[in-house]
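Take a look at the letters that make up each chain.
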Amino acid sequence: MAQAQVFDAHSGWKSSLDLAGPQFETEPREHVIHRAVVAELDSRRRYTASTKGRSEIRGSGAKLYRQKGTGRARAGDIKSPVRVGGGTWGGPKAKPARYGKRINRKEARAAFYGALSAKATDGELYVLDSLSFEEPSTKAAKELLGKMEVEGPVLLVLADDEREAALSFRNLPEVTVVGLFGYGVYELLRAREVVFSRAAYSRLTGSGRE
């Protein structure tokens, strides 16, 4: 059974915690994890590149000159794609409502649980006990990570009511602070260590429910 390293933020006492449940016992499948990462990154794209077709360009629709008798090639209006300032043919458009990479819920869950299980198996999952800040302090946050002996990059998962802790850690370049539902497979793979506050861990596993 995989274990998480538990660190008490006040006393510095270290212990271990057995990890049970589908979140930590799912076999990682590379092709599913890859699909999840591609879908997550695609969903973050803004798709702001957009070009105008000939029907969207301002200008006269009249023929530039007569068809025959000039010795020149036949030509339509000035909005033709072959002319400077004309419309673009086949250019990018803004993202449609239904577009992009997709992954179903079952696969997304399997990818997330698989990535989390891999972290647990490799001993890269931590739980922070007694994490509380009376006021934000980046210095105290850095000292705490030093005592934990984590190398980073670190993904720190906090509960919504741990605002002072979030403000304390967010200025550290090696730490990415996220909420309970603010991270996915991509963030798990980027981090060397994944650190949960006790409150965040309890809500992830459901042990904090009444």
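Okay, so let's go over this structure. (Residues numbered from 1 in each chain as written. Predicted model: local features only at pLDDT ≥ 70, side-chain atom pairs only at ≥ 80, totals over all residues. Heavy atoms only, no water.)

## Comments concerning the overall build of the protein chain
Heads up, the condition is: Helix and strand assignments come from DSSP, with helices taken as H or I runs of at least 4 residues and strands as E runs of at least 2, each series counted from the N terminus. Only protein chains enter the accessibility calculation, which uses a 1.4 Å probe; a residue is then buried when its area is under 20% of its type maximum, exposed when over 50%, and partly exposed in between. Here, Shrake-Rupley sampling with a 1.4 Å probe gives the accessible areas, and only protein chains in the shown set may cover a residue. Positive residues here are Lys and Arg, negative ones are Asp and Glu, while His and the chain termini are left out of the count. Charge coordinates come from a single atom per side chain, which is NZ of Lys, CZ of Arg, CG of Asp or CD of Glu.
If you tally the helices and strands in the protein chain, you get 6 helices and 6 strands. Viewed in the frame of its principal axes, the protein chain has a C-alpha envelope of about 95 × 40 × 35 Å. Counting the 210 residues in the protein chain, one finds 37% classified as buried. When the accessible surface of the protein chain is totalled, it reaches about 13,600 Å², and 48% of it is carbon and sulfur. Where the 35 positive side-chain charges of the protein chain centre and where its 26 negative ones centre are 22 Å apart.

## Quick word on the sheet that holds strand β2 (residues 14–18)
Heads up, the condition is: Two strands are counted as paired when DSSP detects at least two bridges linking them. Here an axis means a line fitted to C-alpha atoms, over the contact stretch when the element is a helix, while the angle between two N-to-C directions is reported on a 0 to 180 degree scale.
Here 6 strands make up an open sheet; going across it, the order is β2-β1-β3-β6-β4-β5 and the pairing mixed. Single-partner strands in this sheet number two, and they are β2 and β5 (175–178). In this sheet, adjacent strand axes meet at a mean angle of 25 degrees when their direction is disregarded. Taken together, the 4 bridges between strand β1 (residues 3–8) and strand β3 (residues 125–129) define a ladder with parallel strand orientation.

## Describing the pattern of salt bridges
Using the following cut-off: In what follows, salt bridge is the name for a side-chain nitrogen of Lys or Arg lying within 4 Å of a carboxyl oxygen of Asp or Glu.
Taken as a whole and judged by the stated rule, the model has 10 salt bridges. Its salt-bridge partner being Lys119, residue Glu124 comes within 3.1 Å of it at the nearest N-O pair. The partly exposed category is assigned to Glu124, whose relative accessible area is 21%. Close ionic contact of Asp161 with Arg203 constitutes a salt bridge, the shortest N to O distance being 3.9 Å.

## Structural notes on the nonpolar core
The cut-off we apply is this: Nonpolar cores were defined as sets of buried Ala, Val, Leu, Ile, Met, Phe, Trp, Tyr and Cys residues, with membership established by side-chain atoms within 4.5 Å.
Membership of the largest hydrophobic core comes to 30 residues, with the highest contact counts inside it found for Leu19, Leu125, Leu155, Tyr183, Val185, Leu188 and Phe196. For this core, the secondary-structure elements that each account for two or more residues are β1, α1 (30–44), α2 (105–121), β3, β4 (154–157), α5 (185–190), β6 (193–197) and α6 (198–205). With 7 residues, α2 is the single largest residue contributor to this core. By size, the runner-up hydrophobic cluster in this structure holds 18 residues, among which are Tyr126, Met148, Leu158 and Phe169.

## With respect to the pairing of β3
Taking burial as the measure, the 5 residues of β3 include 4 buried ones, the bulk of the element. Looking at chain direction, β3 and β6 are connected through 4 bridges and run parallel. Paired with Val127 across the strands is Phe196, a residue of β6.

## Here we look at the environment of Tyr47
Structurally, Tyr47 is set in the loop between α1 and α2. As for Tyr47 and Thr88, which are separated by 41 residues in sequence, their C-alpha atoms are 17 Å apart.

## Thoughts on the pairing of β5
We count it as follows: Crossovers are marked right-handed if the path from the first strand over the helix to the second runs clockwise, as seen with the strands pointing away from the viewer.
Examined bridge by bridge, β4 and β5 share 4 bridges and lie parallel to one another. For Val154, the partnering residue across the bridge sits in β5 and is Val175. Where the polypeptide runs from β4 across helix α4 (residues 163–169) and back to β5, its parallel neighbour, the crossover connection is right-handed.

## Regarding helix α3 (residues 138–148)
What counts is decided by this rule: What the arc describes is the spread of directions from the helix axis to the C-beta atoms. Whether two residues are in contact is decided by their heavy atoms, any of which lying within 4.5 Å being enough.
Of the residues making up α3, those classed as buried are Ala141, Leu144, Leu145 and Met148. Seen end-on, α3 carries its buried residues on one side only, within an arc spanning 95 degrees. Set apart from the buried face of α3 by more than 90 degrees, the exposed residues are Lys139, Lys142 and Lys147. Buried residues along α3 sit in contact with β1, β3, α4, β5 and β6.

## A few points about α1
Think of an α-helix as 3.6 residues a turn; residues three or four steps apart then line up on the same face. Our working rule: To estimate how far a helix should reach, multiply one less than its number of residues by 1.5 Å.
For α1, with 15 residues, the first-to-last C-alpha span of 21 Å sits near the 21 Å given by 1.5 Å per residue. Looking only at α1, the buried set comprises Val32, Ile33, Ala36, Val37, Ala39, Glu40 and Asp42. Elements in contact with the buried residues of α1: α2 and α5.

## Digging into the packing of aromatic side chains
Operational definition: Here a Phe, Tyr or Trp ring, Trp counted by its six-membered ring, pairs with any other such ring whose centre lies within 6.5 Å, and the pair is stacked when the planes are under 30 degrees apart, edge-to-face when over 60, and tilted otherwise.
Here the structure, examined in full by the defined rule, presents 4 aromatic pairs. Members of the aromatic cluster, connected to one another through ring pairs, are Phe112, Tyr113 and Tyr183.

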